[in-house]
Amino acid sequence: MLRYVDSDSASIWVETAEPCTVTVEADGRSYRSPTFTVHGHHYAIVDLVELSQDIASYSVTLDGEQVWPMAGRPPSRIRLLPPEGVRKLAFGSCRTSVPHDAAHVRTHGDDVLRAFGEHLPEAGEEEWPDLLLLLGDQVYADNPSPDMLAYIRSRRSTEPQGRSPTSRSTPSSTARRGPRRRSAGCCPPCRPR
């Protein structure tokens, strides 16, 4: 995920399945960072510095294995902020937790942020925002889709443990996660079909 950008630098944030070295190849240069671990999750922030122009395409590798861009998808770009600052701002939030198929679009409507993202590759440069501000939480655990529930179950080696519906105590243990795939992708409902 492009986490930060200014007029001459950018930061790429990555979560990985296991400790590794994350490398971002951009504009003929390699930028590396080892992961750090927080509560069993492995992250890296890779800083791209001393940039003099926008990056037309970049790739991400984990210990030499390319994980981004995803096969069949257009290249990811990095647009530096203009020296005079932000001219155009887009804001929004993931608004639906259901799949983006025709049946769910009929019941829940189009996800505007997703539609905007799908429009941008065909749009002219003048339509691209300089900055995207994501508002609100990005977790919809109150009513997950069947695909999301299947994805969560596939990552667990046991059923969730802890507080029962009538208990007010804090969970004494949590489910151990099963094996994870190395991926820079998102959850199944957000993956291209």
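Residues numbered from 1 in each chain as written. Predicted model: local features only at pLDDT ≥ 70, side-chain atom pairs only at ≥ 80, totals over all residues. Heavy atoms only, no water.

Q: An account of the side chain of serine 9 is requested, with residue identities and associated values reported.
A: Of note, serine 9 is situated in the loop between strand 1 (2-5) and strand 2 (10-16). According to the relative accessible area criterion, serine 9 is buried, its value standing at 14%. For serine 9, the contacting residues outside a window of four places in its chain are Tyr4, Leu48, Val49, Leu51 and Leu80. (Helix = DSSP H or I, 4+ residues; strand = E, 2+ residues; numbered from the N terminus. Buried < 20%, exposed > 50% of the residue type's maximum accessible area, 1.4 Å probe, protein only. Contact = heavy atoms within 4.5 Å.)

Q: Explain the sheet that holds strand 6 (residues 41-48) to me, using residue names and the numbers behind them.
A: Taken together, the 4 strands give an open sheet; going across it, the order is 1-2-6-5, and neighbouring strands pair in antiparallel fashion. Sheet topology places strand 1 and strand 5 (36-38) at the edges, where each strand pairs with a single neighbour. Averaged over all neighbouring strand pairs, the angle between strand axes comes to 25 degrees, with direction disregarded. Where strand 2 lies against strand 6, 7 bridges are found, and the strand directions are antiparallel. By the bridge assignment for strand 6, isoleucine 12 is matched with valine 46. (Pairing = 2+ DSSP bridges. Axes fitted to C-alpha atoms, helices over the stretch in contact; angles between N-to-C directions.)

Q: Provide a residue-level description of the packing of aromatic side chains, including the pertinent values.
A: Summed over all chains, the structure comprises 2 aromatic pairs. Seen in terms of ring centroids, phenylalanine 36 and tyrosine 43 are 5.9 Å apart; in terms of plane orientation they differ by 40 degrees. Their pairing is tilted. For phenylalanine 36, a relative accessible area of 39% puts it in the partly exposed group. Ring-pair connections join several aromatic residues into one group, and the members of that group are Trp13, Phe36 and Tyr43. (Phe/Tyr/Trp six-rings, centres within 6.5 Å; stacked < 30°, edge-to-face > 60°.)

Q: So what about the confidence of the model for the protein chain? Which residues, and what values?
A: Summary statistics for the protein chain give a mean pLDDT of 77 and a share of 74% for residues scoring 70 or more. Within the model, the stretch residues 163-193 combines pLDDT values under 50 with 54 contacts to residues more than four positions away or in other chains. (pLDDT = per-residue confidence, 0-100.)

Q: Please provide a residue-by-residue account of the pairing of strand 8 (residues 65-68), values included.
A: Note: strand 7 (residues 55-62) against strand 8, 3 bridges, orientation antiparallel. Across the sheet, threonine 61 pairs through a bridge with glutamine 66, a residue of strand 8. Here strand 7 folds back onto strand 8, and the loop between the two strands holds 2 residues, one of which, aspartate 63, carries a positive phi near 50 degrees.

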